[in-house]
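Descriptive analysis of the structure
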Amino acid sequence: MYNYRLLEKLLFSSGVRLNRSRLTAALRKKTILITGASSGIGERLAYRLAELPVHLILVARREDKLLVMKQEMEKLSARVSIYGADLRDADEREGLLSFIHRLPDGLDIVVSNAGLSINRSIMDSLDRKHDFTRTMAINYVAPVELLLSLIPLLRRAQGHIINISTINTSIVPLPKWAAYQASKSAFDIWLRSASPELRVSGIATTSIYLPLVRTPMIEPTAAYRSVPAMSPDHVADIIAKSLYTRRRSWMPWWLPLGQLASVLFRATLERFAERRLRGRGR
Ligand SMILES: NC(=O)c1ccc[n+]([C@@H]2O[C@H](COP(=O)([O-])OP(=O)(O)OC[C@H]3O[C@@H](n4cnc5c(N)ncnc54)[C@H](OP(=O)(O)O)[C@@H]3O)[C@@H](O)[C@H]2O)c1
């Protein structure tokens, strides 16, 4: 279904049974914000939801790309608004927020998806403080500040927040991914911490813990070209399903085993990582 090899089928159990009528009923006339909609997972999700009678607000820096998407999607069933913004920039974030707060029908769902990953060793990062500030800016500060402003709208709508997280937030961290993993973990913990309060207020929260997904984000890492990775269409189906199940989290079936191993064998796994780095002369 998603063009997986055998190992990928085993790792990602490809069958998502989307119940179209439940999805349509749950989302009819809803307003859905998707950050990072111009590429990868956000783009595939936007096209999936454009088949439904919803209002999509698509946000990313590449407004020209969003415009092409809007033109294609409006041949389907959705109404589409696009908003070009660098979400690291406080003024551009404020512009987006005032656009959303002026919507007559409010806001029902936020898919917090925009993100940046950086793969660089600490030794190569000594003069690159900006790697850490820009990953924190887009992966942590931006979603926190957007949500602080949008929670009252979501509360009124008894809405839903979906965080596109990563498996790396809950296993022994990998070397060379410090900026990415620290910033994704920060927002993951923020949302999990706020989640009980949000749920008591009627706002559902879903954290989606993804392994590698074959999107432009992983293209610069040559080593990832031949390793198993999920399809962004598969991830879009998982997110779409969570919109009507309002489940708390999704993770691949093997992640709990990885979490257990990370607790029980932390020192061994850390030593293994060191041995691999020594083997490569780093
Ligand atoms: N791919 C994976 O292996 C993987 C694994 C686990 C989790 N994830 C998470 O999945 C999410 C989506 O990633 P993806 O794989 O679909 O990557 P992607 O194809 O690179 O998409 C990233 C999206 O974020 C937007 N974005 C980045 N910086 C932005 C900024 N400053 N302001 C506004 N928008 C910004 C990009 O749009 P513009 O460039 O147009 O701004 C793009 O639409 C991320 O949160 C990522 O951490 C990915």
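None of the values given here were measured: they were computed from a predicted structure.

**Focus on the sheet that holds strand 6 (residues 204-210)**
Read from one edge of the open sheet, seven strands run 3-2-1-4-5-6-7, paired in parallel fashion. Edge strands, defined here as strands with exactly one partner in the open sheet, are strand 3 (79-84) and strand 7 (249-250). Direction of pairing for strand 1 (residues 31-35) relative to strand 4 (residues 109-112): parallel, over a ladder of three bridges. Note on strand 4: the bridge partner recorded for I34 is V111. Those strands touched by helix 8 (residues 232-245) are strand 4, strand 5 (160-166), strand 6 and strand 7, and its axis lies near 150 degrees from that of strand 5.

**Things to note about the pattern of salt bridges**
Applying the stated criterion across every chain yields a total of 15 salt bridges. The salt bridge involving D131 is made with R120; its shortest N-O contact spans 2.6 Å. Placement of D131 in helix 6 (residues 129-157) and of R120 in the loop between strand 4 and helix 6 is noted, with a sequence separation of eleven residues between them. When its relative accessible area of 1% is taken as the criterion, D131 is described as buried.

**Remarks on the pairing of strand 4**
Every second residue of strand 4 is oriented toward a common face, with I109 and V111 on one face and V110 and S112 on the other, all of them buried. Summarising the sheet, strand 4 and strand 5 pair through four bridges and their orientation is parallel. From the neighbouring strand, V111 faces strand 5, where its bridge partner is I162. What joins strand 4 to strand 5 is helix 6, and the crossover it makes is right-handed.

**Concerning the nonpolar core**
Core analysis: the biggest nonpolar cluster contains 47 residues, and I34, L49, L56 and L58 have the highest contact counts within it. Leaving out residues up to four positions away in the same chain, L49 has contacts with L27, I32, I34, V54, L56, A78, A240 and L243. Core analysis: the second largest hydrophobic core is formed by 27 residues, L96, I100, V144 and L150 among them.

Cut-offs applied
Residues numbered from 1 in each chain as written. Predicted model: local features only at pLDDT ≥ 70, side-chain atom pairs only at ≥ 80, totals over all residues. Heavy atoms only, no water. Pairing = 2+ DSSP bridges. Helix = DSSP H or I, 4+ residues; strand = E, 2+ residues; numbered from the N terminus. Contact = heavy atoms within 4.5 Å. Axes fitted to C-alpha atoms, helices over the stretch in contact; angles between N-to-C directions. Salt bridge = Lys/Arg side-chain N within 4 Å of Asp/Glu carboxyl O. Buried < 20%, exposed > 50% of the residue type's maximum accessible area, 1.4 Å probe, protein only. Right-handed = clockwise from strand over helix to strand, strands pointing away. Core = buried A, V, L, I, M, F, W, Y, C linked by side-chain atoms within 4.5 Å.

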